[in-house]
Amino acid sequence: MKSSMKKSAFLFVLLFTASLHAAERLNVGMVEADVCVYGGTASGVTAGLAAARRGKSVIIVEPFRHLGGMHGGGIRIQQDCLYLNDIGGIARELHDADYALPGGGSANQWQARLMIRKKVEDAGIRFFTQHRLDSKDDVVMDGTTIRMIHLNHAPIMEEGVPAPEPTKRKVFSIKAKVFIDASYEGDLMAFAGCEYM
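Nothing here was measured: the structure is a model prediction, and the numbers come from that model.

The rules behind the values
Residues numbered from 1 in each chain as written. Predicted model: local features only at pLDDT ≥ 70, side-chain atom pairs only at ≥ 80, totals over all residues. Heavy atoms only, no water. Core = buried A, V, L, I, M, F, W, Y, C linked by side-chain atoms within 4.5 Å. Buried < 20%, exposed > 50% of the residue type's maximum accessible area, 1.4 Å probe, protein only. Helix = DSSP H or I, 4+ residues; strand = E, 2+ residues; numbered from the N terminus. Contact = heavy atoms within 4.5 Å. Phe/Tyr/Trp six-rings, centres within 6.5 Å; stacked < 30°, edge-to-face > 60°. Polar contact = N/O pair within 3.5 Å; in protein donor to acceptor, adjacent residues only side chain to side chain. Expected span 1.5 Å × (residues − 1). pLDDT = per-residue confidence, 0-100. Salt bridge = Lys/Arg side-chain N within 4 Å of Asp/Glu carboxyl O.

Caption draft 1: Molecular detail of the nonpolar core. Ile 149, Leu 151, Ile 174 and Leu 188 are the most contacted members of the largest nonpolar core, which totals 18 residues. Of all elements in the fold, only strand S1 (30-38), strand S2 (58-62), strand S6 (145-153) and strand S7 (168-181) reach the threshold of two or more residues within this core. With residues near it in sequence (within four places) discarded, Leu 151 still touches Tyr 38, Val 61, His 131, Arg 132, Leu 133, Arg 169, Lys 170, Val 171, Phe 172 and Ile 174. Within the second largest apolar cluster, 16 residues are counted, among which are Val 35, Ala 51, Ala 52 and Val 120.

Caption draft 2: Quick look at the packing of aromatic side chains. Across all of its chains, the model carries one aromatic pair by this definition. Each ring, one from Phe 128 and one from Phe 172, has its centre 4.8 Å from the other, and the planes form 55°; the classification is tilted. Of this pair, Phe 128 sits in strand S3 (residues 126-129) while Phe 172 sits in strand S7; the two residues are 44 residues apart in sequence, bridging distant segments of the chain. On the basis of relative accessibility, which here comes to 5%, the residue Phe 128 falls in the buried class. Taking the relative accessible area as the measure of exposure, Phe 172 reaches 1% and is therefore buried.

Caption draft 3: Quick look at the environment of His 150. Residue position: His 150 is located in strand S6. Exposure remark for His 150: the relative accessible area of 14% places this residue in the buried category. The contacts of His 150, once residues within four sequence positions are left out, are Arg 132, Leu 133, Asp 137, Asp 138, Val 140, Lys 170, Phe 172 and Ser 173. In this structure the side chain of His 150 is engaged in a polar contact, spanning 2.6 Å, whose partner is the side chain of Ser 173.

Caption draft 4: Expanded view of the side chain of Arg 132. If you trace the backbone, Arg 132 turns up in strand S4 (residues 131-132). By relative accessible area, Arg 132 is classed as buried at 11%. A distance of 2.8 Å separates a polar atom in the side chain of Arg 132 from the backbone oxygen of Ala 163. Contact partners of Arg 132, with chain neighbours within four places excluded, come to Tyr 38, Pro 63, His 150, Leu 151, Asn 152, Ala 154, Pro 162, Ala 163, Pro 164, Glu 165 and Pro 166.

Caption draft 5: How the structure looks around the environment of Tyr 196. With respect to the helices, strands and loops of the structure, Tyr 196 is situated in the segment after helix H7 (187-191). Since its relative accessible area comes to 65%, Tyr 196 is described here as exposed. In this structure, the C-alpha to C-alpha distance between Tyr 196 and Gly 186, residues ten residues apart in sequence, is 9.3 Å.

Caption draft 6: Representation of helix H6 (residues 109-122) within the structure. Under the 1.5 Å per step criterion, the end-to-end length of H6 is 20 Å for 14 residues, consistent within 8% with the ideal 20 Å. Buried within H6 are the following residues: Trp 110, Gln 111, Ala 112, Arg 113, Leu 114, Met 115, Ile 116, Arg 117 and Val 120.

Caption draft 7: View of the confidence of the model for the chain. For the chain, the average pLDDT comes to 83, and 75% of its residues sit at 70 or higher. Per-element confidence in the chain ranges from a low mean pLDDT of 47 for helix H1 (residues 2-24) to a high of 98 for S2. The low-confidence segment residues 11-26, where pLDDT is below 50, has 21 contacts with residues more than four positions distant or belonging to other chains.

Caption draft 8: Expanded view of the pattern of salt bridges. Applying the stated criterion to the full structure yields eight salt bridges. The shortest N-O distance in the salt bridge between Lys 177 and Asp 34 comes to 3.1 Å. Of this pair, Lys 177 sits in strand S7 while Asp 34 is found in strand S1, placing the two residues 143 residues apart along the sequence. Between Lys 119 and Glu 93 there is a salt bridge, with the nearest N and O atoms lying 3.3 Å from each other. Here Lys 119 is found in helix H6, whereas its partner Glu 93 is found in helix H5 (residues 89-97), with 26 residues between them in sequence. Connected through shared salt-bridge partners, Arg 53, Glu 93 and Lys 119 make up one network.

Have a look at this one:
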């Protein structure tokens, strides 16, 4: 039990430090990539990995602290899916990674987040956490095409929720040939003028 608690505490410190490091390395001004994925959810990570495996440079932007969305927060395919064998591809890889622990056993949410992060890093994907869009002014359009986004630094509050206002606006910008909105909220699509109900 003590060993498990020590591991969990170590993983929390490692993830928190990594999150701070990601914020510190942002003296960049402008970043460019072939593909920018807004939302580091499981679908965002999957889209990023798929693009990277096709030789494209990829950036993932996640407004929260961690990659993986609900998957990194504890959802488990083995518990929540009736037809496990119907799921394949990268989605299956992400879920299977949770159970690839040395000596067997299932991963906790911190271990799952680390494994998702490692998959992203191993693919050479750059990612930024705790940065978000706040208005349509943060999305630069050319007609109906997104050309660039400006990101605001908005650290997650102590309670684990997004801050009502960012601490710094337009900290850096991302230019990409393709933008993918894989967020739960759909802010990128909304600010780009896509119709929604």
